[in-house]
Amino acid sequence: ARYSLDTYNEFRDAKIAKSFTNEKNGYYGLQNLNRTENNTDFLFTYDKKISDFSLTASAGGNARYFYAADNYMQLKNGGTGLIVPGIFAITNTLQTNLQVGNSSSQKAVYSLYALASLGFKDMAYVDLTARNDWSSTLPIENRSYFYPSASLSLLVNKMFDLGPNVSLAKVRGGIAQVGNDTSPYQLLAGLNPGAWNGQTTFSVPGNLLNPTLKPEIKTSKEVGVNLGLFNNRLKFEGTYYTADNKNQILNNTLSPSSSYGSQKFNAGLVTSKGLEFSIGGTPIRTKDLTWDVNVLWSTNSLTLKELAPGVTNITLWTNAKGGARTWVGEKIGNIVDAELLRVSDKASPYFGWPLLDSDGFEQVKSVNEVNGKRNSPIIGNFFPDYMMGIQTSLTYKRWTFSASIDYRKGGQFVSQTLRYNESDLHGSRILSTFIHPPKGVDVPTWLKQNASLFGPNGTAFPVVGGISADYGGGSYTDGGITLNDGVFMPGVSGTYDANGKFTLGEEFLSNTTDYYGDYYGWGLTKTATFDADFVKLRDVSISFRLPSLKSIGIQNASIALYSSNIILWTKAKINIDPEAAFNNSLGSNSVNIGQFAQGIERDNVSPWTIPVGFKLSVSF
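Overview of the structure. (Residues numbered from 1 in each chain as written. Predicted model: local features only at pLDDT ≥ 70, side-chain atom pairs only at ≥ 80, totals over all residues. Heavy atoms only, no water.)

1. With respect to the overall build of the protein
- The helix and strand tally for the protein stands at four helices and 40 strands.
- Over its C-alpha trace the protein gives a radius of gyration of 32 Å, far above what one expects of a compact globule, namely 25 Å for 620 residues.
- Based on the C-alpha atoms only, the size of the protein along its principal axes is roughly 100 × 70 × 60 Å.
- Expressed as a percentage of the 620 residues in the protein, the buried residues total 37%.
- Partitioning the contacts of the protein with sequence separation of at least 6, the portion at a separation of at least 24 is 65%.
- As displayed, the protein offers around 34,400 Å² of accessible surface, 56% of which is attributable to carbon and sulfur atoms. (Helix = DSSP H or I, 4+ residues; strand = E, 2+ residues; numbered from the N terminus. Rg over C-alpha atoms; globule rule 2.2 N^0.38 Å. Buried < 20%, exposed > 50% of the residue type's maximum accessible area, 1.4 Å probe, protein only. Contact = heavy atoms within 4.5 Å. Areas by Shrake-Rupley, 256 points an atom, 1.4 Å probe, with all protein chains shown as cover.)

Put into structure tokens, the structure is as follows:
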């Protein structure tokens, strides 16, 4: 039996000097934080060997309780600050400039579990587990959930004589379930206190909660094989697995007419399938020289199989008019986008050209669905096609050199950092996407001869021109001043009849008086979507094992020089690490505020650093 307590209390006394962060008289605040978690558990174990069989069994339980409480009293940001600078006291403030608040949260989970392992002649093993949880965060009728597991392992090399070169031959398979609850207070809406114009107000949250939530249940199945050859100098491991995630607890967008921004619901069924392979060994082993290497390759995909009745898709995050949205039957991680309208009449000589409005600006169709099915293009997926890692070490006498390399193939990400930094069209990358007709040519004629540059297979958001005459900018007059930064989108305007035949309205194939800053493509996510492929030399080290120091009680000692982030190559070539393509909270750019978002980053950029360190290891 065991009892454990993890708790802390923190008191924050925040003092900010005058004229800092726009507070001309200074800032002051008080805050109390309390966190407590205690666990009470017990476990019985039985161990018995009977002839060729061995049995180990255990049964136990756990009670876990979590409590958190916060309260604060502080000045409003951007308010009048302290009355007298330098006197840090709550009474040295205007009452109208004071904000206070308190909150508390608690959660309890009770568990009973059992496990057993049965072995036969050290060549066959059966492992069984069972667990039941009761969670306070779920409704009474759904708060109890059970999840078992079973696995079988066979050591084939002990069952049959496979020869002296087979050190290990193991096949294994298993099925397991895992249950999960949710965070506290996700069933019924509570009132959020606030104030407006000096009056106390109460409001309900913008996320519609669900009083009938069910626990998430993940069912995994896997089969695998392990091989060890030539005294384990060559090793191989392979695993194929599937997993069904049922009743995932997610948020989804609601229509503004509902008065809520999103709704919490059980997502139905998400399935995943994956493969993992590793091969490694020791190609070289002599008295003085040893070389070890291991290669790991893995791939995984997730598919949305079912959703709650009446729900056709889930939205993980939004960006521009697109975002990460998945419809039933599609892959999780898909990035969909609004669509730049183009002439769709194949009989027209303008087939595939951008379809513009009467002023020459692009026409964009927002992401939508028809009869519950997606009716917008997929421009990528934030999951990789596969990942590969290589770890190697080379030891010569007392010296050891080691390194690890990671490789990602496939997948895309959205960079809001680049989106905002290059939106004035001064960035070299965006300028490289412009179409620059050669000097002296008749632009309309040249564009017709090179329509592939702005057709469906051309640049994502075709723009002709540039920031100056040298960059192909068009000449125009604005306020009596002649400028040479005119740009335009090549295309046509027109109409369709009932049979889908296109009738030309106007060609837009010459310079207009539009400033280049109007043509970034804000309505499309694709303009800031990039391939996420990368290669990283992640870690390197060189160490030296010191001579024996047993005479002074030291068993082993070594000194090492190590470093990381040595090399990064990216397919995107935008000076942004694809591994930083995530957000803990996208705020106004995400329908799931506070939910971790993959495949989109903003301001996740920092100077590239290559740390160098020394390490001394000693064992006595």
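2. Structural notes on the sheet that holds strand β17 (residues 313–319)
- The strand order across the open sheet built from four strands is β17-β18-β19-β24, with neighbouring strands paired in antiparallel fashion. The open sheet has two edge strands, β17 and β24 (378–381), and neither has a second partner. Ignoring strand direction, the axes of neighbouring strands in this sheet form an average angle of 30°.
- Across six bridges, β17 lies against strand β18 (residues 322–327) in antiparallel orientation. In the sheet register, Asn319 faces β18, and the bridge partner there is Gly322. (Pairing = 2+ DSSP bridges. Axes fitted to C-alpha atoms, helices over the stretch in contact; angles between N-to-C directions.)

3. Comments concerning unusual backbone geometry
- Phi angles above zero are rare outside glycine, and Phe230 is one such case at about 55°.
- Along the chain, Phe230 falls in the loop between β11 (216–229) and β12 (234–246).
- For Phe230, a relative accessible area of 44% corresponds to the partly exposed category.

4. Brief notes about the layout of surface pockets
- The volume enclosed by the largest pocket comes to roughly 560 Å³.
- Lining the largest pocket are 27 residues, and of these Asn245, Gln248, Leu302, Phe383 and Gln598 sit closest to its centre.
- Those elements that provide at least two residues to the lining of the largest pocket are β7 (166–180), β11, β12, β15 (269–285), β16 (289–306), β17 and β38 (597–598).
- Each residue belonging to the lining of the largest pocket can be placed in one class, and the counts come to 15 nonpolar, nine polar and three charged. (1 Å grid on protein atoms, 1.4 Å probe; cavity = no way out; pocket = protein on both sides within 12 Å on 5 of 7 lines; lining within 4 Å. Points joined across faces, edges and corners; volume = space filled by probe spheres on them. Nonpolar A, V, L, I, M, F, W, Y, C, P; charged D, E, K, R; others polar.)

5. A short note on the pattern of salt bridges
- For the structure shown, the criterion picks out 17 salt bridges.
- A salt bridge links Glu237 to Arg172; its shortest N-O distance comes to 3.4 Å. Separated by 65 residues along the polypeptide, Glu237 in strand β12 and Arg172 in strand β7 bring together distant segments of the chain.
- When its relative accessible area of 17% is taken as the criterion, Arg172 is described as buried.
- A salt bridge links Glu422 to Arg429; its shortest N-O distance comes to 2.5 Å. (Salt bridge = Lys/Arg side-chain N within 4 Å of Asp/Glu carboxyl O.)

6. Some remarks on the nonpolar core
- With 24 residues, the main nonpolar core has Phe413, Phe434, Phe530 and Ile574 as its most contacted residues.
- Look past the residues within four positions of Phe434 in its chain and what remains in contact with it is Leu425, Val463, Gly465, Gly466 and Val487.
- Counting 19 residues, the second largest nonpolar core, distinct from the first, contains Leu304, Leu316, Trp317 and Ile379. (Core = buried A, V, L, I, M, F, W, Y, C linked by side-chain atoms within 4.5 Å.)

7. As for the environment of Ala189
- For Ala189, the location among the structural elements is in the loop between β7 and β8 (192–196).
- The partly exposed category is assigned to Ala189, whose relative accessible area is 47%.
- Counting along the chain gives 15 residues from Ala189 to Val204, while the straight-line C-alpha distance between them is 6.3 Å.
- For Ala189, the contacting residues outside a window of four places in its chain are Pro205 and Leu209.

8. Remarks on the pairing of strand β4 (residues 98–120)
- Judged from the 23 bridges that link them, strand β3 (residues 53–75) and β4 form a sheet pairing that is antiparallel. Within the sheet, the bridge partner assigned to Tyr65 lies in β4 and is Ala108.
- From the end of β4 to the start of strand β5 (residues 124–135), which pair antiparallel, there are three residues, and Lys121 there has a positive phi angle of about 55°.

9. Section: the pairing of strand β36 (residues 556–570)
- Relative to β36, strand β35 (residues 534–545) runs antiparallel, the two sharing 11 bridges. Each bridged residue has a counterpart across the sheet, and for Val540 the counterpart in β36 is Ser563.
- Bridging between β36 and strand β40 (residues 612–619) involves eight bridges; their strand directions are antiparallel. The residue bridging Asn556 from the neighbouring strand is Ser619, located in β40.

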